[in-house]
Amino acid sequence: MRPVVRWCHRVVLFGFLLGLCAEASAAISQAEWQTLVNIYNATGGASWVDNTNWSGAGTGPSGNECTWFGVTCNPAGDAVTQLIMYNNNMSGPLPDLSGLSKITEIQISGNQLTGSLIGLSALTHLTSLTAGYNAFSGAIPDLSVLSSLHDMDLQQAGFSGSLPKLPASVVSVALNSNALTWNILSIEGLPNLQTFGVSNNHFDQ
């Protein structure tokens, strides 16, 4: 019986080590890592309310990015799915977000973010975008290609220009207190729309 016991122990040990190797090798992509680092460096990461485990340095993913404050990954640990950073003293312009290609939720409201939202059209898995109460400028980017987007809250965020064309998937929209002008095309073909907040804009222009 002893040889059999030893063999079983080896199988269990091999499986355990194999699991450890798989866990150690799981990491987000280079593009996702670079986007996160760019966010940290561009928005004053050292001065955030909470920047636990974040770093603005390095040459590539180390495998611990899923432990960074506000970052959630898929179960495999190889893709960023959520970025939850509201009221975190982020300031300055956001970098291009297109590298977060698997992300489903972005919450960055209540900061001091400026500039524009770049790269959103590439985030085809995005279901929820909350970026209100910031100091963005210019037009809201075209979001009509985001066929998974359900909820969008960009109220009191500093945007101007024409009301953007929205995706047919959208359920809830909050664009109150910006400087948007009316565009009838933006609300055509929205069969799932339930709430539509656009008060305090420039729709009379």
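Let me sum up the structure you'll find in this document. (Residues numbered from 1 in each chain as written. Predicted model: local features only at pLDDT ≥ 70, side-chain atom pairs only at ≥ 80, totals over all residues. Heavy atoms only, no water.)

### What to know about the nonpolar core
A general trend in soluble globular proteins is that nonpolar side chains are found buried together. Within the largest apolar cluster, 45 residues are counted, with the highest numbers of intra-cluster contacts made by Leu36, Trp54, Leu94, Met152, Leu154 and Leu175. Among the elements of the structure, α2 (30-42), β1 (71-73) and β2 (80-84) are those that each provide at least two residues to this core. In terms of residues, this core owes the most to one element, α2, which gives five residues. Setting aside anything within four residues of it in sequence, one finds tryptophan 54 in contact with Leu36, Tyr40, Trp48, Trp68, Phe69, Val71, Leu83 and Met85. (Core = buried A, V, L, I, M, F, W, Y, C linked by side-chain atoms within 4.5 Å. Buried < 20%, exposed > 50% of the residue type's maximum accessible area, 1.4 Å probe, protein only. Helix = DSSP H or I, 4+ residues; strand = E, 2+ residues; numbered from the N terminus. Contact = heavy atoms within 4.5 Å.)

### Points about the side chain of serine 169
Structurally, serine 169 can be placed in the loop between β8 (160-162) and β9 (172-174). From its side chain, serine 169 meets the backbone oxygen of leucine 146 in a polar contact 3.5 Å long. (Polar contact = N/O pair within 3.5 Å; in protein donor to acceptor, adjacent residues only side chain to side chain.)

### A closer look at the environment of leucine 123
Structurally, leucine 123 can be placed in the loop between β5 (112-114) and β6 (128-130). In this structure leucine 123 comes out as buried when scored by relative accessible area, which is 0%. C-alpha separation for the pair leucine 123 and isoleucine 103, spaced 20 residues apart in sequence, amounts to 6.7 Å.

### Comments concerning the packing of aromatic side chains
Scanning the entire structure with this criterion turns up six aromatic pairs. Here tyrosine 40 and tryptophan 48 contribute two aromatic rings whose centre-to-centre distance is 5.4 Å and whose plane-to-plane angle is 70°, an arrangement assigned as edge-to-face. Assessed through its relative accessible area of 5%, tryptophan 48 is described here as buried. Both rings, one in tryptophan 48 and one in tryptophan 54, keep their centres 4.9 Å apart while their planes meet at 80°; by these two values the pair is edge-to-face. In this structure, tryptophan 48 and tryptophan 54 share a single accessibility class: buried. Among the aromatic residues, those joined into a ring-pair cluster are Tyr40, Trp48, Trp54 and Trp68. (Phe/Tyr/Trp six-rings, centres within 6.5 Å; stacked < 30°, edge-to-face > 60°.)

### Considering the sheet that holds strand β11 (residues 195-197)
Reading across from one edge, β1-β2-β4-β6-β7-β9-β11 is the order of the seven strands in this open sheet, with mixed pairing throughout. The sheet is open, and its two borders are formed by β1 and β11, each paired with just one other strand. When the angles between neighbouring strand axes are averaged without regard to direction, this sheet yields 10°. With three bridges joining them, β1 and β2 adopt antiparallel strand pairing. If you follow cysteine 73 over to β2, its bridge partner there is valine 80. (Pairing = 2+ DSSP bridges. Axes fitted to C-alpha atoms, helices over the stretch in contact; angles between N-to-C directions.)

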